[in-house]
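One letter stands for each residue in the lines below.
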Amino acid sequence: MLKRSNSHKAQPFLSDVKELRRRAKASMEKGAVTTSYGLDPKTAIDILQSALATEIVCVLRYTAHAISAVGINSSEVKAEFEQHAGDEAEHMKQIAERINELGGKPNLNPEGLMTRSHSQYVEGADLVDMIKENLLAERIAIESYTEIIRFFGDKDVTSRVMLEGILAKEEEHASDMHDLLVAREGRPMLSK
Ligand SMILES: [Fe+2]
Ligand SMILES: [Fe+2]
């Protein structure tokens, strides 16, 4: 029979199962938020509401651009916008689910959307303008999600990991927009 090493005793994850069950039972109304959760859930929910608003604006902007993209050889750009709109809708749902898990109500109300969002809704006068607007918006999302990820750190690992996945996608989006811009303009940008 294997002898248990004493070092196991010092490890916090081997704490008393009965005590863990007692604590879990005592606060079951809190859903996924347990006593080991490292943040004030209200703070985390507020931060995620702004990320949610950012994603909603991105869905709307890419959808508008996909519909209004016209001109010679616009189909490639149109398809890219459409695909991004789908990705942003997926992010929107992921973040809304997480807010719900934390005991919050995802704010999908159009009223005040722009004040909650980090990114802007700009229609763009032509195809190149639209690509530039999307690149700008992606870069803003990348910056703000990077900050949020740092903030969550090991205090809310689930939200952090979710946002890391979303961030990787936004980086892909920015790179796609950059490539389209170079293909159209022959230079990387950015005059405004
Ligand atoms: Fe997104
Ligand atoms: Fe994006």
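The notes below deal with the structure included here. (Residues numbered from 1 in each chain as written. Chains lettered and ligands numbered in written order. Predicted model: local features only at pLDDT ≥ 70, side-chain atom pairs only at ≥ 80, totals over all residues. Heavy atoms only, no water.)

Moving on, we get to the overall build of the chain. Counting its regular elements, the chain contains six helices and zero strands. The linear arrangement of helices and strands in the chain, starting from the amino end, is α-α-α-α-α-α. A buried classification covers 39% of the 192 residues belonging to the chain. Excluding contacts between residues fewer than 6 apart, the proportion of contacts in the chain whose partners are at least 24 apart in sequence is 79%. Looking at the chain as shown, the accessible area adds up to about 11,600 Å², and 55% of this sits on carbon and sulfur atoms. (Helix = DSSP H or I, 4+ residues; strand = E, 2+ residues; numbered from the N terminus. Buried < 20%, exposed > 50% of the residue type's maximum accessible area, 1.4 Å probe, protein only. Contact = heavy atoms within 4.5 Å. Areas by Shrake-Rupley, 256 points an atom, 1.4 Å probe, with all protein chains shown as cover.)

Six octahedrally arranged donors around a metal ideally form angles of 90 or 180 degrees; four tetrahedrally arranged donors ideally form angles of 109.5 degrees. On the protein side, the iron ion (ligand 1) has Glu-55 (OE), Glu-55 (OE), Glu-88 (OE), His-91 (ND1) and Glu-170 (OE) as donor atoms, found 1.9 to 2.5 Å from it. Counting the intervening residues between successive donors of the iron ion (ligand 1) yields the motif E-x32-E-x2-H-x78-E. With a relative accessible area of 0%, Glu-55 lands in the buried category. (Donors = N, O, S within 2.8 Å, 3.2 Å for Na, K, Ca; no water.)

A few words on the pattern of salt bridges. Scanning all chains against the criterion turns up seven salt bridges. Of the charged contacts in the structure, one is a salt bridge between Lys-132 and Glu-185, with a shortest N-O distance of 3.8 Å. Of the two residues, Lys-132 sits in helix H5 (residues 127-152) while Glu-185 sits in helix H6 (residues 157-185), which places them 53 residues apart along the sequence. We classify Lys-132 as buried; its relative accessible area is 8%. Given a relative accessible area of 28%, Glu-185 falls into the partly exposed group. Its salt-bridge partner being Lys-169, residue Glu-172 comes within 3.2 Å of it at the nearest N-O pair. Linking Glu-172 with Lys-169, this pair stays in helix H6, spanning three residues, or about one helical turn. On the basis of relative accessibility, which here comes to 42%, the residue Glu-172 falls in the partly exposed class. The exposure class of Lys-169 is partly exposed, given its relative accessible area of 25%. Taken together, the salt bridges that share partners define one network made up of Arg-98, Glu-101 and Asp-156. (Salt bridge = Lys/Arg side-chain N within 4 Å of Asp/Glu carboxyl O.)

Take the side chain of Asn-134 next. Mapped onto the fold, Asn-134 is located in helix H5. In this structure Asn-134 comes out as buried when scored by relative accessible area, which is 0%. Look past the residues within four positions of Asn-134 in its chain and what remains in contact with it is Arg-61, Tyr-62, His-65, Phe-81 and Met-177.

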